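# Descriptive structure summary
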Amino acid sequence: MFLGPGLVFITLFVAVPVLLVVSYTVFLRGRFGGVDYIFTLDNFLRAWEPTYRKVLVESVGIAAAATAIALAIGYPAAYAIAQAPGRWRNVLLVAVVIPFWTNFLIRIYAWVILLSNQGVVNDVLVGSGILNERLTLLYTKGAVVAGLVYVYLPLMIMPIYASVARLDVELREASANLGANKVTTFLRVTLPLSLPGVIAGSIFVFVPSLGNFVVPELLGGGKTVMVGNLVRDQFLKARDWPFGATLALIMIVLLFGLFALQSIVSRRFATEVS
Amino acid sequence: MIEPLVTIRGLCAHYGSVKALDNITLDIRDNEFFALLGPSGCGKTTLLRSLAGFEAPTAGTIYLAGDDLLAMPANRRPVNMMFQSYALFPHMTVERNVGYGPARAGVPRAEVARRVAEVLETVGLAGLANRRPSQLSGGQRQRVALARAIVNRPRLLLLDEPLSALDRNVRSQMQTELKRLQHDVGITFVIVTHDQEEALSMADRIAVMSHGVVQQVATPEDLYRSPANRHVAEFIGRSNIFEGEAEPRGLRVPNIGILPGHGEGSYLVVRPEDIRIAPRGGLPSPVLTGTVVDSQFSGGTTVTSVIPDNIETLSRQPISVTQPGFPTFAHNTAVELAWPSHSAVIVA
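Residues numbered from 1 in each chain as written. Chains lettered and ligands numbered in written order. Predicted model: local features only at pLDDT ≥ 70, side-chain atom pairs only at ≥ 80, totals over all residues.

## Some thoughts on the overall build of chain A
- Tallying secondary structure elements over chain A gives twelve helices and two strands in all.
- Tracing chain A from N to C terminus, the helices and strands come up as α-β-β-α-α-α-α-α-α-α-α-α-α-α.
- Taking the principal axes of its C-alpha atoms as reference, chain A extends roughly 70 × 70 × 35 Å.
- Here chain A holds 274 residues, and 32% of them are scored as buried.
- In chain A, the share of contacts with a sequence separation of at least 24, taken over all contacts with a separation of at least 6, comes to 70%. (Helix = DSSP H or I, 4+ residues; strand = E, 2+ residues; numbered from the N terminus. Buried ≥ 20, exposed ≤ 12 C-beta atoms within 10 Å, placed from the backbone. Contact = placed C-beta atoms within 7 Å.)

## Topic: the domain arrangement of chain B
- Entries for chain B in the domain assignment read domain 1 (6-225) and domain 2 (238-347).
- Each of domain 1 of chain B and domain 2 of chain B has a C-alpha centre, and the two are 40 Å apart. (Domains from an automatic or database assignment.)

## Details of the packing of helix α2 (residues 94-104) of chain B against helix α3 (residues 109-122) of chain B
Residues and elements named next belong to chain B.
- α3 packs onto α2 with a crossing angle of 125° between their chain directions and a minimal axis gap of 9 Å. By the angle between their directions, the pair α2 and α3 is classed as oblique. Where α2 crosses over α3, the two elements pack in a sense that is right-handed. Residues E95, V98, G99, P102 and A103 of α2 form the contact with α3, whose own contacting residues are V112, R115, V116, V119 and L120. (Axes fitted to C-alpha atoms, helices over the stretch in contact; angles between N-to-C directions. Parallel < 35°, antiparallel > 145°, perpendicular 65-115°, else oblique. Left-handed = near helix turned anticlockwise from the far one by under 90°.)

## Focus on the interface of chain A and chain B
- Contacts between the two partners involve 18 residues from chain A, matched on the other side by 18 residues from chain B.
- Those elements giving two or more residues to the side of chain A that touches chain B turn out to be α8 (169-177) and α9 (182-211) of chain A.
- Among the elements that make up the side of chain A that touches chain B, the one with the highest residue count is α8(A) (six residues).
- When grouped by side-chain class, the residues that make up the side of chain A that touches chain B number nine nonpolar, five polar and four charged. (Nonpolar A, V, L, I, M, F, W, Y, C, P; charged D, E, K, R; others polar.)

## A look at the nonpolar core
- If you look at the biggest cluster of nonpolar residues, it comprises 104 residues, and the most contacted ones within it are B:A147, B:L158 and B:V190.
- Per element, the largest residue contribution to this core is six residues, and it comes from helix α4 (residues 138-150) of chain B.
- Structurally, this core is a two-domain feature, drawing no fewer than three residues from each of domain 1 (6-225) and domain 2 (238-347) of chain B.
- Leaving out residues up to four positions away in the same chain, B:L158 has contacts with B:L48, B:L51, B:A52, B:V79, B:M81, B:M82 and B:V190.
- Within the second largest apolar cluster, 49 residues are counted, among which are A:I157, A:M158, A:V205 and A:L219. (Core = buried A, V, L, I, M, F, W, Y, C linked by C-beta atoms within 7 Å.)

## What about the sheet that holds strand β16 (residues 267-270) of chain B?
All names here are of chain B.
- Read from one edge to the other, the open sheet built from four strands follows the order β11-β16-β22-β15, with strand pairing classed as mixed. Whereas interior strands pair on both sides, the edge strands pair on one side only; in this sheet they are β11 (240-243) and β15 (262-263).
- Taken together, the two bridges between β15 and strand β22 (residues 344-347) define a ladder with parallel strand orientation. Residue pairing in the sheet places G263 in a bridge with I346 of β22. (Pairing = 2+ DSSP bridges.)

## Section: the sheet that holds strand β18 (residues 288-297) of chain B
Residues and elements named next belong to chain B.
- Read from one edge to the other, the open sheet built from five strands follows the order β17-β21-β18-β19-β20, with strand pairing classed as antiparallel. The sheet is open, and its two edges are formed by β17 (276-279) and β20 (319-324), each paired on a single side. Ignoring which end each strand starts from, the neighbouring axes of this sheet average 45° apart.
- Relative to strand β21 (residues 334-338), β18 runs antiparallel, the two sharing four bridges. Among the inter-strand pairings, T289 is bridged to a residue of β21, identified as E336.

## With respect to unusual backbone geometry
- The phi dihedral of B:N23 is positive, around 55°, even though this residue is not glycine.
- B:N23 sits in the partly exposed class, given 14 other C-beta atoms within 10 Å.

Right under this line is the structure:
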């Protein structure tokens, strides 16, 4: 049986590394780094210790907050783009992805400049007399959330735009024709039918937010540790591969749960293609 | 005289500089099956969408039972529409699709369920209430769309090319059913179609439209028998049209003399089935002579194409003559044609 080059590629570069990481979770850490192949479940118990549990819970919280805010900004933006006249649509879509043309690190450093004590945001707030004192914006959880929202917002807008733009205008007309006002039409027709886009966008934002370790470091000042930082530190600094692998596995399981949810929702709201 | 249900006066609509509707004035009677017939781009869909409230005319008025329809937003009009694409909500079951309208009108749940069940029964979909549109055939979807549009008991039901997405067999069955349904539910139907056969077979009256103008409003029979002008004659049914000058006894054409007919104008329209045909010397008072080019049997009738001597039809096609029975003329037979004056009409 010929499996094709795609399957070989997936096996070599996805399945094997993932299985390797998964296998590390049940072994002991080697004395000088590496892995001692002695079976143990201690890594999982350790991950449930308050220190790490707190990081896990907080990471999920931060990623969820970033996702919710990105959704709150991204849905109206995507909806507006989808309603814009044809020639404007592409211009607006390009505007959404333009930030990707600049290096990720540079854009995050730009936020450092914006949010710092002597930064633009504080200058404006104090200068215009809205506030008397400068706020501590940088190196807070809020800064981390803002950074994540900023970085991943396009990933929210794109799938929502795709599902809203795909909706037949006649569906909204039919809703109006049957007596629904604009709000009802949105809640009962447009929103449910764009739910696959909402779920996809939310996953696209949540997943990399949860694993991100650059934004928490630069905008959180190392005070806000996310599970991504933890995993990296276990592998690269503490050289505790089994524990790093365990944390990584927990993330993977979490994300698989999300994908399962997405596929259920997508199937339920799949617009027929006939 | 009975007040019409819908009165449309001086309705105009523009797309940029293109006139989609040019001063439309039209009455639609209560309980009528009314068809808007015309080629694509003639403005019939724009007119329908103006009635539904999806299009804002630039001038003119539409009154429905005395109410100014144009002053109402689409969702407040007592008008329902069956969309060409059906526009069924794909995320809802048949029951929820059909119940959408009553639910919006604030009808209590139990009553919605009762009405939905009743209307599904009417359109012959009982038992499919829990299916989703994607699990239905084309004909079934069409019935759901119809059920959804009539469940609210609108004053006016608009149907945009309702049968165009169905294949031929289902279509003729649905034609009969639509007609029966309109009779049963007693709602005024306005149907948009480009299919003249559909309009002729279903409608009580037809408005023939072209270039944003209503050419004629009449019963199917009148449209066929006395078209208002040459456009209508060309569009409705098969016809042979000659150009000339009207005289009291008919149409004067060069080389031939007078073609029998009645009416005012410069075009004479004679239908294929009104022409008698015989071999040369077989008719008492022949009008034209010609040569048979083709004779086609089409089940029950035979259509014979004749190239006339010394004259041409407006379309430069051979004259078609329809007779009952089997072909009786071979290729190149010399024939004579005649028709009585009362069955040929002269129009502008």
